[in-house]
Amino acid sequence: MASNLDRARELLARKRDLAAPESDRLARLVAALEKGLDPRREAELARFLEGLDATTVFEVPASATRGTSDPRIPAFEDSDPGEDSGLCQACGGPVGPEGAAGHCAGCIAGGRGPFDERGDYVLVRRLGEGGMGEVHLALARATRRLVAFKVLREMPGGGDDELVVRFWREVEVLRQLDHPNIVRYLDSGDLGGRPFLVMEYVRGKTLARVLARKGRFGVRRAVEVAYQVAKALDHAFTKGVVHRDLKPDNVMIDAEARVRVLDLGLAKPIATSGASGITASGAVLGTLVYMAPEQLEDAKRADQRADVYSLGTILYEMVSGERAYSGEDRTKLFARKLRGEYRPLVHLAPDAPPALTAVVDRALARDPGARFRTPGEMRAALRALRSS
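Just so it is clear, the structure is predicted and the values come from calculations on it, not from any experiment.

(A) Examining helix α7 (residues 219-238) more closely. Between its first and last C-alpha, α7 extends 28 Å over 20 residues, near the 28 Å set by a 1.5 Å rise per residue. Judged by how many residues are buried, α7 sits mostly within the fold: 15 of 20 residues are covered. One or two residues past the end of α7 sits Gly240, with phi positive at roughly 80 degrees.

This is the structure we're talking about:
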């Protein structure tokens, strides 16, 4: 027992390896054992440390914590460590939590730095880009808050009508949605013929990045992440929206250990399924590994059950550490998906409860009619797993 107690003391001394709730619990266990108050705490400490071995928990910065950290899922340090530390290169004052790139919010807003200006926003640096546009970290002058600024990419020849329609559809979709597990819409407009969309800036890491580092989650944490994603999809479904491109890259775990669904660039109102005017019959939209079989055949057929399937593939990957469909060339992977052939979860994660395996198998059913009918149904199944 001495080794467990010594290890616990070492973890508490380092202070950077644990989120606040886990650190507090560990401190209470150590204090109880040191005072000899309850010998049963020895077994509890052993179980606690075993859980840390299975799923590392990272510290949440005190500046980001607002009482919403959930110990059931991993919490992560800010995706830009040190962004809110140090002194401003322009005025010499503290950079502060809303500063970035070595400048405080006031100097960024006042144009005192090497930054591009786009209307009421100052672009600090590029966060990423895709087929539709670029996303920048920006500062809103009016509020002096950091935001994510997405702008339609410049296109040779004057533009692409389909991309413009998809961009504005993403804007309209986000305007409809208001849920803590979905990145929030803030503003939109047009600057010099280039549409832009402003969203809240989420500090954290994508689920794809976490999986690449960790390999797999413990069952409890995988279920919790999937449950929060299901809540987001359920909210979208109640507003008549399907995502159509759900994947680990589009799921973020923020600095408060909350799951956030991102990138609704391929989302569409359910009512337009089959009649959008911009999705050609037989088109394939989305990311192959996570797409439902019917999406591979014809993107027009994708409804909320395609989102259920995509969430099933993500849950499978979190629990097993491997993708349900991978390791083959595109043609073979395509064929296996259409046949509904994937390696049973129990072969890769024998510790997975039968109830969890049943949820995954139902979500990954080849026939959409055999899946959960809505994200809300899958959410209810995951909620039952959380309580078991």
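(B) Local environment of the side chain of Arg260. As for its placement among the helices and strands, Arg260 is situated in strand β10 (residues 259-261). Within polar-contact distance, the side chain of Arg260 engages the backbone oxygen of Pro180 at 3.0 Å. For Arg260, the side chain forms a polar contact with the side chain of Asp254, separated by 3.1 Å. Non-local contacts of Arg260, meaning those with residues more than four positions away in its chain, are made with Pro180, Asn181, Ile182, Val183, Glu200, Val202, Asn250, Val251, Met252 and Asp254.

(C) Region of the structure containing unusual backbone geometry. Look at Ala101: it is not a glycine, yet its phi comes out positive at around 55 degrees. Examined against the element boundaries, Ala101 turns out to sit in the loop between α3 (41-54) and α4 (105-109). With a phi angle near 75 degrees, Arg244 is a residue other than glycine that sits in the positive phi range. With respect to the secondary-structure elements, Arg244 resides in the loop between β8 (241-242) and β9 (251-254).

(D) Here's a closer look at the sheet that holds strand β2 (residues 121-129). As summarised here, the arrangement of the 6 strands in space is β1-β2-β3-β4-β6-β5, forming an open sheet in which the pairing is antiparallel. Looking at the sheet topology across the chains shown, the edges are occupied by β1 (116-118) and β5 (185-191). In this sheet, adjacent strand axes meet at a mean angle of 40 degrees when their direction is disregarded. Where strand β4 (residues 145-152) and strand β6 (residues 194-200) come together, 5 bridges link them in antiparallel fashion. By the bridge assignment for β6, Lys150 is matched with Leu197.

About the thresholds
- Residue numbering note: each chain is counted from 1, following its sequence as written.
- Side-chain atom pairs in this predicted model are given and counted only at pLDDT of 80 or more, local residue features only at pLDDT of at least 70, and totals for whole chains, interfaces and linings cover all residues.
- To get the side-chain values, all heavy atoms of the structure are used, and hydrogens and water are removed first.
- In this description a helix means any DSSP run of H or I spanning at least four residues, a strand means any run of E spanning at least two, and both kinds are numbered starting from the N terminus.
- One fewer than the residue count of a helix, multiplied by 1.5 Å, yields its expected span.
- Remark: exposure states derive from per-residue accessible area (1.4 Å probe, protein chains only) relative to the maximum for the residue type, with buried under 20%, exposed over 50%, and partly exposed in between.
- Polar contacts, as used here, are pairs of N or O atoms within 3.5 Å; protein pairs need one atom able to donate a hydrogen and one able to accept it. Residues neighboring in sequence count only if both atoms are side-chain atoms.
- Pairs of residues are marked as contacts when any of their non-hydrogen atoms sit within 4.5 Å.
- Strand pairing is assigned whenever DSSP identifies at least 2 bridges connecting the two strands.
- Lines fitted to the C-alpha atoms define the axes, with helices restricted to the stretch that makes contact. Angles between their N-to-C directions range from 0 to 180 degrees.

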